[in-house]
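Summary of structural features
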Amino acid sequence: MKKLAKLGVVEKQVTLPNGNVINYGELPGEGPALLLIHGQMGSWEDYASVMIKLHENWHIYAIDVYGHGESAHEEELYYLDTNGNDMIWFIENVIKQKTVVSGHSNGALTAAYIGAYGGEMIKGVVLEDPPVFSTQGENWENSFAYLDTYKPLHDYISSEQTECWPAYYLRHCYWGKLFMKDSMPGIADYAQRYSEKHPGEEVKIFFMPSSVTCVFHYVNQYDMMYGEHFYDLTWNNGIKHEQMLSDIKIPCIYLHAKEEVANNGVYLCAASRKQAERAVALIGDNCRLIETENSNHNIHGTHTQIYLNAINIFLKEGIEEYD
């Protein structure tokens, strides 16, 4: 946060009329408004790597989702419509201007909700690799997200929690069982020792790639009951993805990480190509599908230029052409 502050990012909080607290980072600029919504176990600071570049053209607001960071941690808030409606209030009462909304992963589902039901204040939406259809039950228990995150998280919550979450995750994660089965117990033991030596701090594993350890960056400010609502499929709160996507009438970009399937048929991606194409078809002619060359889920971090190009499309199309 200190580095971001030097660059002009200001962290703020707002209390809604319903008493809910939203924490966010703001990087003022002379361009149009852009709202960024992070994914599971993230934080608004997850966008630090792209905020400065985006700032060349945008006035940026990056939000902490409920159950994450410094926003409200109350289980009754961990639903799609609750998050979406309160973020629409945020746009109308804090941003107070027409806004492009970009969300990552489950944050992209919230962005889709805002795009569908946010009214005239929403000028465009970028859906960064959303887990469409699977997170409402379609092939859910055979999906990577379920096997790698939500099932281990549920089991951890239900356990005696004799070790820290990073150690437990590394011991049970699906990708580890697929690719590094013999090495994972030792790596998990290392994570536990690190946690014991550095209580309350982020677990750092210098010999593992950042694509693995990034999931531990903000976990100390994450309410695991948020993830439980994905495990049991209650997060959607009765909202069907098909209807929500069909209700998006504004310009939309769908960024899809290329499909990858394990030998046993498990999709190692947030959504299959067919699911992505189905989502785009439901949105209609106002939606453009852009696919990356590999299946890395964090597109804004690993395919930064593709992400920046997608956002900046709205400088010409979403803001000007559609006014």
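Everything below is about the structure printed above this text.
Reference entry: report on the structure contained in this document.

Next up on the list: the overall build of the protein. Regarding its fold elements, the protein presents 14 helices and 8 strands. Since a compact globule built from 323 residues should have a radius of gyration of about 20 Å, the 19 Å found for the protein is in line with a globular shape. Oriented by its inertia axes, the alpha-carbon framework of the protein measures out at about 55 × 40 × 35 Å. Put simply, the protein has 323 residues, and 54% of those count as buried. Within the protein, contacts between residues separated by at least 24 positions form 71% of all contacts whose residues are at least 6 apart in sequence.

At a minimum axis separation of 10 Å, helix H5 (residues 144-158) and helix H6 (residues 165-172) run at an interaxial angle of 125 degrees. Classified by the angle their axes make, H5 and H6 are oblique. As H5 runs across H6, the sense of the crossing is right-handed. Across the interface between the two elements, Asp-148, Thr-149, Pro-152, Leu-153, Asp-155 and Tyr-156 from H5 touch Trp-165, Tyr-168, Tyr-169 and His-172 from H6. Tallied by class, residues from the contact of H5 with H6 come to 6 nonpolar, 2 polar and 2 charged.

What follows concerns helix H8 (residues 184-197). For H8, spanning 14 residues, the distance from its first C-alpha to its last is 20 Å, which sits close to the expected 20 Å at 1.5 Å a residue. What H8 keeps buried is the set Met-184, Ile-187, Ala-188, Ala-191, Gln-192, Tyr-194 and Ser-195. End-on, the buried residues of H8 take up no more than an arc of 160 degrees, which puts them together on one face. Of the exposed residues in H8, the ones pointing more than 90 degrees away from its buried face are Glu-196 and Lys-197. The elements touched by buried residues of H8 are H6 and helix H7 (174-179).

Attention now goes to the packing of aromatic side chains. Scanning the model with the defined rule gives 20 aromatic pairs in all. Pairing Tyr-156 with Tyr-168 gives two aromatic rings, centres 5.1 Å apart and planes at 50 degrees, and the pair type is tilted. Pair noted here: Tyr-156 is in helix H5 and Tyr-168 is in helix H6, with a separation of 12 residues, a long-range link. For Tyr-156, a relative accessible area of 7% gives the class buried. The exposure class of Tyr-168 is buried, given its relative accessible area of 12%. Through pairs of rings, three or more aromatic residues link up here, namely Tyr-78, Trp-140, Tyr-146, Tyr-150, Tyr-226, Phe-230, Tyr-231 and Trp-235. Sitting over the face of the ring of Phe-133, Arg-278 holds its NZ or CZ atom 3.8 Å from the ring centroid.

Each value, and the rule that gives it
Residues numbered from 1 in each chain as written. Predicted model: local features only at pLDDT ≥ 70, side-chain atom pairs only at ≥ 80, totals over all residues. Heavy atoms only, no water. Helix = DSSP H or I, 4+ residues; strand = E, 2+ residues; numbered from the N terminus. Rg over C-alpha atoms; globule rule 2.2 N^0.38 Å. Buried < 20%, exposed > 50% of the residue type's maximum accessible area, 1.4 Å probe, protein only. Contact = heavy atoms within 4.5 Å. Axes fitted to C-alpha atoms, helices over the stretch in contact; angles between N-to-C directions. Parallel < 35°, antiparallel > 145°, perpendicular 65-115°, else oblique. Left-handed = near helix turned anticlockwise from the far one by under 90°. Nonpolar A, V, L, I, M, F, W, Y, C, P; charged D, E, K, R; others polar. Expected span 1.5 Å × (residues − 1). Arc of directions from axis to C-beta. Phe/Tyr/Trp six-rings, centres within 6.5 Å; stacked < 30°, edge-to-face > 60°. Lys NZ or Arg CZ within 6 Å of the ring centre and 35° of its normal.

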